[in-house]
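Coordinate inspection notes
The primary structure of each chain is shown beneath.
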Amino acid sequence: MSGLRDRTLLASGFHMPERTGVEEFRDALIRIGADGRIAALTRPEDDGYLERRRAADEAGRLDRLPAGVLLLPGMIDLHVHAPQYPQLGQALDVPLETWLTRYTFPLESRYADLAFARRGYGLLVEDLLANGTTTALYYATIHQPASRLLADICLERGQRALIGKVAMDHPGLCPETYRDASPDAALRGTEDLIGYIRAHPDNAERLVHPVITPRFIPACTDETLAALGSLAHGSDLHVQTHCSESDWEHAHVLARHGVTDTESLDRFGLLGRRSVLAHSVFLTAADMDTIRARHAAVAHCPLSNAYFADAVFPLRAALEKGLHVGLGTDISGGPGASLFEAMRGAVMVSRMIDSGTDPDLPAGTRGRRNGMRIDFRDAFYLATTGGGIALDLPVGNFTAGQHFDALAIDTEAPAGAIRLWDGLDQGEDLLQKIVYTASKANIAKVWVGGRQVV
Ligand SMILES: Nc1nc2[nH]cnc2c(=O)[nH]1
């Protein structure tokens with residue numbers, strides 16, 4: 001079994017087209033079209049199942065997952081700084097502003113060197129695919145050649161990706177050696193990468209999308225924010241930026257613009273259906289209303305927030321308000337490169353905000369307020385369907401019309417971390433165990449758009 005285009009896969013597994021419940025399928029037929037999209041998922045109890053199964057088999061177009069191997073949707077990472085992979089797991093003992101100026105900007109400036117970029121980006125894309133990330137929303141750097149190279153690599157390796165040349169021109173924060181020379185340079189660089197990705201000869205299927213990427217308000221002049229807002233206006237382009245991430249950052253925007261990040265981004269025209277706001281920890285109730293009204297999305301980055309936010313994003317409240325939310329690793333503000341770790345982190349921090357952390361307080365009074373916790377189901381939804389909705393792309397589950405982006409989880413891989421026990425691991429308990437314990441060695445195969453990429 002390799003590519004699954006124009007074939008039918010006989011598989012058991014899980015997906016969550018709706019947040020209201022996990023759907024388990026057993027011995028389902030997933031018919032994948034020549035375009036890599038799912039034509040139908042047929043279960044044994046559905047009409048025509050046996051006929052379809054026989055027809056696919058007789059045509060030599062039936063593939064089966066072996067016993068012990070389960071199918072999950074591919075993971076969608078809504079926040080990755082591609083150039084920061086070399087410092088994953090480093091420098092998390094300093095606050096965001098120090099981390100940026102002392103470590104991150106100097107590292108990113110090295111992507112002026114294409115050989116360095118090739119090594120870093122090649123390894124990152126390969127590792128993320130092996131970790132099960134089939135779609136990634138990437139920040140590149142300010143450099144045109146290296147940002148183009150990231151697009152080339154994603155196309156070559158077959159990862160679905162959304163890539164932005166980072167716009168950052170504010171001399172107050174960005175060092176002279178690593179910033180756009182002017183608002184015009186920031187805008188032209190953004191437009192150049194959009195043109196390159198759209199016209200790329202290997203991107204006819206639009207596997208890779210360009211993204212308007214003002215790094216965050218402190219790094220951009222108002223002129224640049226306005227120019228990028230105009231570019232986004234009326235287009236179908238994605239926008240990504242950081243929003244209300246830390247006390248320092250949030251206070252900076254309040255002092256400079258007199259309003260919150262959300263309000264300011266909205267005034268610049270940067271909030272729309274395809275905007276993804278990373279972190280968004282310090283949103284007010286009014287900010288949440290604005291994000292919902294614009295149908296924009298939040299990339300919740302639980303691991304990174306533990307280091308830079310000193311607070312927990314009220315995820316449950318955002319979901320109950322109807323915001324689009326998905327998960328991000330925030331490589332390298334978060335020390336993990338796997339959405340499985342992000343899922344686990346999202347559940348854990350939600351438990352802490354729900355029940356609290358101070359053992360000196362009586363039980364029941366420690367938490368911010370009750371009802372803030374999520375469970376593994378919500379986390380699985382956010383990493384799959386939630387991410388697809390946030391990006392406005394047909395990915396995240398196995399319903400008809402979605403791209404076939406999927407993982408084969410080998411629950412019996414000897415080197416993997418999943419350990420099953422007879423009779424214990426059934427239904428949602430099995431999915432829970434996968435969410436909490438799966439490791440890279442359990443990810444046996446990965447497909448993007450029906451093409452096998454791992
Ligand atoms: N976590 C994180 N926050 C940022 N704010 C501005 N740039 C960055 C970045 O690279 N990572």
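Residues numbered from 1 in each chain as written. Predicted model: local features only at pLDDT ≥ 70, side-chain atom pairs only at ≥ 80, totals over all residues.

On to the pairing of strand S16 (residues 443-448). For strand S15 (residues 406-410) and S16, the ladder comprises 4 bridges, and the chain directions are antiparallel. Paired with Leu407 across the strands is Val446, a residue of S16. Bridge analysis of S16 against strand S17 (residues 451-452) gives 2 bridges, and the strand direction is antiparallel. Residue pairing across strands places Val448 opposite Arg451, the latter belonging to S17. As consecutive antiparallel partners, S16 and S17 are separated by 2 residues, and within that stretch Gly449 has a phi angle of approximately 55°, a positive value. (Pairing = 2+ DSSP bridges. Helix = DSSP H or I, 4+ residues; strand = E, 2+ residues; numbered from the N terminus.)

Right, let's talk about the nonpolar core for a bit. Within the largest apolar cluster, 139 residues are counted, with the highest numbers of intra-cluster contacts made by Tyr138, Leu150, Ile163, Met343, Ala346 and Ala383. Each of two domains, domain 1 (7-73 + 398-452) and domain 2 (75-391), supplies a minimum of three residues to this core. (Core = buried A, V, L, I, M, F, W, Y, C linked by C-beta atoms within 7 Å. Buried ≥ 20, exposed ≤ 12 C-beta atoms within 10 Å, placed from the backbone. Domains from an automatic or database assignment.)

This brings us to the pairing of strand S2 (residues 21-32). Two elements, strand S1 (residues 7-18) and S2, share 9 bridges in a ladder whose sense is antiparallel. Across the sheet, Leu9 pairs through a bridge with Ile30, a residue of S2. Taking the residues between adjacent antiparallel strands as the criterion, S1 and S2 are bridged by 2 residues. Sheet topology places S2 next to strand S3 (residues 38-42); 4 bridges connect them, and they run antiparallel. Paired with Ile32 across the bridge in S3 is Ile38. A loop of 5 residues connects S2 with S3, the two strands running antiparallel in sequence, and Gly36 in this loop sits at a positive phi of about 85°.

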